[in-house]
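One-letter residues, chain by chain:
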Amino acid sequence: VFVVNLPEGSKARLLQASVQVMARGQETIDFVEHNDPMIRHGLLNLFASHTDQELGTRNGKEKLQAEVMKRLNKIIKDQGGSGEVEAVYFTSFVMQ
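Note that the structure is predicted; figures quoted are calculated from it, not measured.

**Quick notes on the overall build of the chain**
Part 1 of the reasoning: Tallying secondary structure elements over the chain gives four helices and three strands in all.
Part 2 of the reasoning: Along the chain, helices and strands appear, N-terminal first, in the series β-β-α-α-α-α-β.
Part 3 of the reasoning: Dimensions of the chain, computed from the C-alpha atoms along their principal axes, are close to 40 × 20 × 20 Å.
Part 4 of the reasoning: Of the accessible surface of the chain, which amounts to about 6100 Å², a share of 48% is contributed by carbon and sulfur atoms.

So, in structure tokens, the structure goes:
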């Protein structure tokens, strides 16, 4: 679960989101699990860079979903991991 403060000017102040990823290779899954702090840091910064207006629409959530997948795959590649994340799912998404 990720909990982040949204940028100033947003009507909602917090975003709470649960993220699940899908990968076919066990080595990719292991990489994600073993590099959790680095991945969480990157995703927290990504989530906090969006306003509630951007995230309040289906299109905005889908864009964020694509950005999360891109960020994860960049981390995997940059750190010498193998494989890639094939899908990202928000299993909960609440703004307050």
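Picking up after the structure, the text goes on.
**Details of the sheet that holds strand β1 (residues 2–5)**
Note on sheets: strands pair through backbone hydrogen bonds, and any given pair is parallel or antiparallel.
Part 1 of the reasoning: If you trace the three strands from one edge of the open sheet to the other, you get β1-β2-β3, paired in antiparallel fashion. With one partner strand each, in any of the chains shown, β1 and β3 (87–95) form the two edges of the open sheet. Put simply, the sheet's adjacent strands are angled 30 degrees from each other on average, direction ignored.
Part 2 of the reasoning: One ladder, built from eight bridges, connects strand β2 (residues 14–22) with β3; its direction is antiparallel. Counted as the bridge partner of Q20 is Y89 from β3.
Part 3 of the reasoning: Helix α2 (residues 36–48) rests against β1, β2 and β3 of the sheet, and its axis sits at about 45 degrees to β1.
Part 4 of the reasoning: Where helix α4 (residues 58–78) meets the sheet, its contacts fall on β2 and β3, and the angle it forms with β3 comes to roughly 130 degrees.

Thresholds, definitions, all that
Residues numbered from 1 in each chain as written. Predicted model: local features only at pLDDT ≥ 70, side-chain atom pairs only at ≥ 80, totals over all residues. Heavy atoms only, no water. Helix = DSSP H or I, 4+ residues; strand = E, 2+ residues; numbered from the N terminus. Areas by Shrake-Rupley, 256 points an atom, 1.4 Å probe, with all protein chains shown as cover. Pairing = 2+ DSSP bridges. Axes fitted to C-alpha atoms, helices over the stretch in contact; angles between N-to-C directions. Contact = heavy atoms within 4.5 Å.

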